[in-house]
Amino acid sequence: MKKALTPKEIFSRTMLYLVVSLICIFILYPYFVMVCTSLKSRSEIFSMNSTVLPIKPMWENFLEIWKRAPMGTYMLNSILIATGSSLIAMLCGIPAAYALARMKFKGQTAFLGFIIVSQMFAPVVLLIGIYKVMSTLHMSNSIIGLIFINAAFNQAFTIWLLRGTFMSISEEMEQAAKIDGCNRMQSMFKVLLPMAAPGIVTTLIFIFINAWNEYTVALCLISTDTFKPLTVGINIFNGYNIIEWQYLFAASLFAIIPVLIMFMSIEKNLTSGLTAGGVKG
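Everything quoted here is computed from the prediction, not taken from an experiment.

A tally of helices and strands in the protein yields 13 helices and 0 strands. Listed by position from the N terminus, the elements making up the protein come as α-α-α-α-α-α-α-α-α-α-α-α-α. Scaling as 2.2 N^0.38, a compact globule of 281 residues should have a C-alpha radius of gyration of about 19 Å, whereas the protein reaches 24 Å, well beyond that. Expressed as a percentage of its 281 residues, the buried residues of the protein come to 37%. Within the protein, contacts between residues separated by at least 24 positions form 73% of all contacts whose residues are at least 6 apart in sequence. Summing over all exposed atoms, the protein offers an accessible surface of approximately 17400 Å²; the carbon and sulfur share of this is 70%. Once the 20 positive and 12 negative side-chain charges of the protein are each reduced to a mean point, those two points are 6 Å apart.

In structure tokens form, the structure reads like this:
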């Protein structure tokens, strides 16, 4: 039998739900406006009597953007860039984070400081240098060039976050694996990585989203329309004289959906590997 809540507890919960609801409304309201605007006609958007809700939803706007722009190509490019840069960042970041978490070597503190400092530089500050390097390597107008750039800019974040994840796992688990005959690499793959799965998945999500949303570098490096990611490609609806808001917002919704689906499919499994591999089977 559940214990009855006191008036103070009822008031506290009510206030908590109220605050959470207000925060959710504040966060979700721009997306609500985006959806409503994508369903309006051009005349309704610029009308003086226009309201947030569309008078007559224009569902054909979502079909029109596929006729006006190669949305499929843009989305495929974004998927390739985000997936490729995430895999490269993780392949390089996991060994580096493991070494920083488990090994002691000279200059370790300085190296950690360098990782933190590197996060202070935004891509736009290094844009001229990036362009010159990519031009020298003949990768200034290619998807593979954006993959390497995004992986490089997410590398410090990957190492720092995974190092904290590895340090939170007791070294005794790896020592037990060594007693059972595992070497360092085997103990890392069979014990440490399964236990660090939530942190690895979380890091992977953040890297993917950062690479998916990257705009500045792609805008400066990519000139060929067939190589543009979705964030740059939807600029086709942003003309010199007028912005086609209904198509721009409709295209922006398509840019949000893949990341939203990926997060919803993964978030339930964030803790699924927390103790996997921690006990000898």
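So that's the structure; there's more coming.
Enumeration over the complete set of coordinates arrives at 1 cavity of 30 Å³ or more. Taken as a whole, the largest cavity holds about 50 Å³ of empty space. Taken together, S78, I81, L146, N150, A211, W212, E214, A218, P229 and T231 make up the full set of residues lining the largest cavity. Those elements that place two or more of their residues in the lining of the largest cavity are α4 (71-102), α7 (143-167) and α10 (197-213). Classifying every residue of the lining of the largest cavity gives 6 nonpolar, 3 polar and 1 charged.

Tracing the chain through its elements places T37 in helix α1 (residues 7-38). Here V33 takes part through its backbone oxygen, which lies 2.7 Å from a polar atom of the side chain of T37. Leave out the neighbours within four places in its chain, and T37 touches I45, W245, Q246 and F249.

Glancing now at the packing of helix α9 (residues 184-195) against α10. As a packed pair, α9 and α10 sit with axes 4 Å apart at the nearest point and diverge in direction by 65 degrees. In terms of axis orientation, α9 runs roughly perpendicular to α10. Judged by residue contacts, L193, P194 and M195 of α9 engage A197, P198 and I200 from α10.

So, about the nonpolar core. Formed by 26 residues in total, the largest nonpolar core has its most connected members in I65, M71, W212, L230 and F237. Where this core is concerned, the elements lending two or more residues are α3 (61-68), α4, α10 and α13 (245-266). Looking at which element gives the most residues to this core, the answer is α13, with 10 residues. Once you skip the residues sitting within four places of it in the chain, W212 turns out to touch M75, S78, I79, A82, L230, T231, A255, P258 and V259. Counting 19 residues, the second largest nonpolar core, distinct from the first, contains A101, A177, C182 and A196.

The α-helix advances 3.6 residues per turn, and as a result positions three or four apart in sequence lie on the same side. With 32 residues, α1 should cover 46 Å at 1.5 Å per step; its first-to-last C-alpha distance of 45 Å lies within 8% of that length. Along α1, the largest kink reaches about 40 degrees and is centred on L28; proline P30 follows within four residues of it. Along α1, the residues that are buried comprise M34, C36, T37 and S38.

Right, let's get into the confidence of the model for the protein. Per-residue confidence for the protein gives a mean pLDDT of 82; residues scoring 70 or more make up 92%. Per-element averaging of pLDDT across the protein places helix α8 (residues 171-179) at the bottom with 77 and α4 at the top with 90. Low pLDDT, under 50, characterises residues 272-281; the stretch is placed with 16 contacts to residues that sit more than four places away or in other chains.

The tally for this structure, following the rule as stated, stands at 9 aromatic pairs. Taking 6.0 Å as the distance between ring centres and 45 degrees as the angle between the ring planes, the aromatic pair formed by F237 and Y247 counts as tilted. Note that F237 is positioned in the loop between α12 (230-233) and α13 and Y247 in helix α13, a separation of 10 residues in sequence. Of the two residues, F237 and Y247, both sit in the buried class. Put simply, the rings of W59, F62, W66 and F254 pair up and form one aromatic cluster.

Counted according to the given criterion, the structure contains 0 disulfides. C24 supplies the cysteine sulfur nearest to C36, a cysteine that is in no disulfide, at a spacing of 18 Å. We classify C36 as buried; its relative accessible area is 5%.

Evaluation of the coordinates by the stated rule reveals 3 salt bridges. Residue R68 pairs with E64 through a salt bridge whose shortest N-O separation is 3.3 Å. With R68 and E64 both in helix α3, this residue pair falls 4 residues apart, about one helical turn. The exposure class of R68 is partly exposed, given its relative accessible area of 39%. E64 gets classed as partly exposed once you look at its relative accessible area, which sits at 25%. Salt-bridge contacts for K228 lead to D225; the nearest nitrogen and oxygen are separated by 3.7 Å. A residue is classified by how much of its surface remains accessible, and D225, at 33% relative accessible area, is partly exposed. When salt bridges with common partners are traced through the structure, they connect E64, R68 and E244 into a single cluster.

Definitions and cut-offs
- Residues numbered from 1 in each chain as written.
- Predicted model: local features only at pLDDT ≥ 70, side-chain atom pairs only at ≥ 80, totals over all residues.
- Heavy atoms only, no water.
- Helix = DSSP H or I, 4+ residues; strand = E, 2+ residues; numbered from the N terminus.
- Rg over C-alpha atoms; globule rule 2.2 N^0.38 Å.
- Buried < 20%, exposed > 50% of the residue type's maximum accessible area, 1.4 Å probe, protein only.
- Contact = heavy atoms within 4.5 Å.
- Areas by Shrake-Rupley, 256 points an atom, 1.4 Å probe, with all protein chains shown as cover.
- Lys, Arg positive; Asp, Glu negative; His and termini not counted.
- Charge placed at Lys NZ, Arg CZ, Asp CG, Glu CD.
- 1 Å grid on protein atoms, 1.4 Å probe; cavity = no way out; pocket = protein on both sides within 12 Å on 5 of 7 lines; lining within 4 Å.
- Points joined across faces, edges and corners; volume = space filled by probe spheres on them.
- Nonpolar A, V, L, I, M, F, W, Y, C, P; charged D, E, K, R; others polar.
- Polar contact = N/O pair within 3.5 Å; in protein donor to acceptor, adjacent residues only side chain to side chain.
- Axes fitted to C-alpha atoms, helices over the stretch in contact; angles between N-to-C directions.
- Parallel < 35°, antiparallel > 145°, perpendicular 65-115°, else oblique.
- Core = buried A, V, L, I, M, F, W, Y, C linked by side-chain atoms within 4.5 Å.
- Expected span 1.5 Å × (residues − 1).
- Bend = angle between axes of the 7 residues up to and from the residue.
- pLDDT = per-residue confidence, 0-100.
- Phe/Tyr/Trp six-rings, centres within 6.5 Å; stacked < 30°, edge-to-face > 60°.
- Disulfide = S-S within 2.5 Å.
- Salt bridge = Lys/Arg side-chain N within 4 Å of Asp/Glu carboxyl O.

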